[in-house]
Amino acid sequence: MLSKLLMPEIESLIAERQLSILKEILSDWTPADIADLIVDLPEQDKVIVFRVLSVDLATDTFEHLEFETQEELLKAMGNEEVATILNDMSPDDRTALLEELPGTSAKRLIQLLSAEERKIARTLLGYPENSVGRLMTPDYIAVKQNWTVSETLEHIRKFGADSETLNVIYVIDEKGKLIDDIKIREIILSPLDKYISDLMDANFVALNVHDDQENAVEIFKKYDRVVLPVIDSHGILIGIVTVDDVLDVAEEEATEDIQKLAAVEVLDEPYPTIPLAVIIKKRAFWLTILFIAQILTAFVLGFFEDHLGRAIALTIFIPLIISSGGNSGSQAATLVIRAMALGEIKLSDWWLIMRREILSGLVLGLILGGIGFIEVGILSGVTASLGEYWVLIGLTVFISIIGIVMWGTLSGSMLPFVLKKFGADPATSSGPLVTTIVDVSGLIIYFTVALIVLRGTIL
């Protein structure tokens, strides 16, 4: 908001090259506001603004920028400037940047790091993609249980400036194994001669370095933490993960799920900047699959062609039949996929969900089927094709909709379980996919019911 209001003044200062005034103004801004300003500026002005910032402010601002803008700035700056920024960045944010870059570019930037930072960067990049190891930072404060509060506070004063956060202090043994965590508040409020061991309760939560990042999101949410320690398979404390990084993961995962729900392959970059050819490719695959699947609808209609020729009235209600099944299936799939994403249901809950959806489908089917029967009755006074058998046709619609809605809710709710069972992403069972499946089966149900109910009359 601040950048929008002052944009004309900022652009004027840049045009007049009054950079000292610009530096003074921006020194009072937050890194997030400066990042918003840089994003909105023309490409040639981005580097000008970035270069007037102090090193610390420039680093904090750089960490707030999206990857595309970071890449622009890196290309425009010299090696010395880039090295200063990269060495000053927090390890977790630097890892996020490096893993987005092409291999050759990432290697070049790693060579610009100091020996110590290069070792950290390579260690973090060595962990599996999408693991907690890629999120963590090794900058934390650890103490021993035989220290006094006074010794601990002195240690914090000496090394705290390099820590990612001071909200929680970690207690380790002689081998570096995590044995507890203590909130800084408890330490500050305790007598100086009290020992750390007296503050311990040995009740802590930790992430494993090889855990999936989605698992970290769930643990942060469950225990309502702002920071969590990261340990290896031997329990050795090797880093911490802060909530800001976890929120980024949660946003990415939610975005992926939403895109899959729309039957779109996951976009690897923001929509406004992704090349048109790429976005067409991402959308074309699923559209083609769904289009081919819909051909089955034509086969079903062709199979019942003779019956349709004798009972034209049945065609009037095909859109009604298709929409009721597809909509109910899409609803059920969305609810189940989201519940899975939130950890509300597990694979073992499939029977509970099936029972609930069968009952829901029956009730919803009765409601929609009753409305469908009334619609047939109303149309019988307008459309001559319904004729004297409108009650039987209405009964056909009524029974068909009950069956189709029940089948739709059952298919939509169970497909995510099937996909998850075989290791696929449940979000792949998107609304469009469920709708296509239910469309075809719905027509079969509709015409089968019609053949039974209307046999000996118009069929």
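Up top is the structure.
Basis of the calculations
- Residues numbered from 1 in each chain as written.
- Predicted model: local features only at pLDDT ≥ 70, side-chain atom pairs only at ≥ 80, totals over all residues.
- Heavy atoms only, no water.
- Core = buried A, V, L, I, M, F, W, Y, C linked by side-chain atoms within 4.5 Å.
- Buried < 20%, exposed > 50% of the residue type's maximum accessible area, 1.4 Å probe, protein only.
- Helix = DSSP H or I, 4+ residues; strand = E, 2+ residues; numbered from the N terminus.
- Contact = heavy atoms within 4.5 Å.
- Salt bridge = Lys/Arg side-chain N within 4 Å of Asp/Glu carboxyl O.
- Phe/Tyr/Trp six-rings, centres within 6.5 Å; stacked < 30°, edge-to-face > 60°.
- 1 Å grid on protein atoms, 1.4 Å probe; cavity = no way out; pocket = protein on both sides within 12 Å on 5 of 7 lines; lining within 4 Å.
- Points joined across faces, edges and corners; volume = space filled by probe spheres on them.
- Nonpolar A, V, L, I, M, F, W, Y, C, P; charged D, E, K, R; others polar.
- Pairing = 2+ DSSP bridges.

Asks: Report on the nonpolar core, specifying residues and quantitative values.
Replies: Soluble globular proteins tend to pack their nonpolar side chains together in the buried interior. The biggest cluster of nonpolar side chains holds 38 residues, and the ones touching the most others in it are L26, F50 and F62. When residues in this core are grouped by element, the largest group, five residues, is from helix 4 (residues 43-52). Among residues more than four places away in sequence, those in contact with L26 are I34, L37, V49, V52, L53 and L57. Ranked by size, the runner-up nonpolar core spans 24 residues in total, among them V397, I401, V434 and L443.

Asks: Can you break down the pattern of salt bridges residue by residue, with the values?
Replies: Tallying each qualifying case throughout the model produces seven salt bridges. Residues R94 and E117 are paired through a salt bridge, measuring 2.7 Å at the closest nitrogen-oxygen approach. Taken together, the residues R94 in helix 8 (residues 91-100) and E117 in helix 10 (residues 115-125) connect sequence positions 23 residues apart. Take E117: its relative accessible area is 16%, and that puts it in the buried class. Taking the shortest distance from any N to any O, the salt bridge between E154 and R157 comes out at 3.5 Å. Here R157 and E154 lie together in helix 11 (residues 149-159), a separation of three residues that amounts to about one turn. In this structure E154 comes out as partly exposed when scored by relative accessible area, which is 49%.

Asks: Pulling in residues and values, what's your account of the packing of aromatic side chains?
Replies: For the structure shown, the criterion picks out five aromatic pairs. Ring plane angle 85 degrees and centroid distance 6.5 Å describe the contact between Y140 and Y170, whose orientation is recorded as edge-to-face. With a gap of 30 residues between them, Y140 in the loop between helix 10 and strand 1 (142-144) and Y170 in strand 2 (residues 168-172) connect regions that are remote in the sequence. On the basis of an interplanar angle of 65 degrees and a centroid distance of 5.8 Å, the ring pair of W350 and W351 is categorised as edge-to-face. Its relative accessible area of 41% is what places W350 among the partly exposed residues. W351 sits in the partly exposed class, given a relative accessible area of 44%.

Asks: Describe the side chain of D181, naming the residues involved and giving the relevant values.
Replies: With respect to the helices and strands, D181 occurs in strand 3 (residues 178-183). With relative accessibility at 13%, the residue D181 sits in the buried group. Residue contacts for D181: discarding those within four places in its chain leaves V168, I169, Y170, N203, F204 and R225.

Asks: Give me the layout of surface pockets: which residues, what numbers.
Replies: In this structure, the second largest pocket occupies an estimated 640 Å³ of space. Lining the second largest pocket are 23 residues, with E214, E218, M340, A341 and L342 sitting closest to its centre. Only helix 14 (213-223), helix 15 (243-261) and helix 19 (318-341) provide two or more residues apiece to the lining of the second largest pocket. Considered class by class, the residues forming the lining of the second largest pocket number ten nonpolar, two polar and eleven charged.

Asks: For the sheet that holds strand 4 (residues 207-208), give the residues involved together with the corresponding values.
Replies: The mixed open sheet is built from three strands, whose spatial order is 4-5-6. Only two strands of the sheet have a single neighbouring strand rather than two, namely strand 4 and strand 6 (237-242). With five bridges joining them, strand 5 (residues 227-231) and strand 6 adopt antiparallel strand pairing. Within strand 6, the residue paired with V230 across the bridge is G239.

Asks: Explain the pairing of strand 5 residue by residue, including any values.
Replies: The element strand 5 is largely enclosed, with a buried count of five among its five residues. In strand 5, alternate side chains face the same way, and those of V227, P229 and I231 on one face and L228 and V230 on the other are all buried. Sheet topology note: the strand 4/strand 5 ladder contains two bridges and is parallel. Residue pairing in the sheet places N208 in a bridge with I231 of strand 5. What sits between the antiparallel neighbours strand 5 and strand 6 is a turn of five residues, in which G235 has the positive phi angle 85 degrees.

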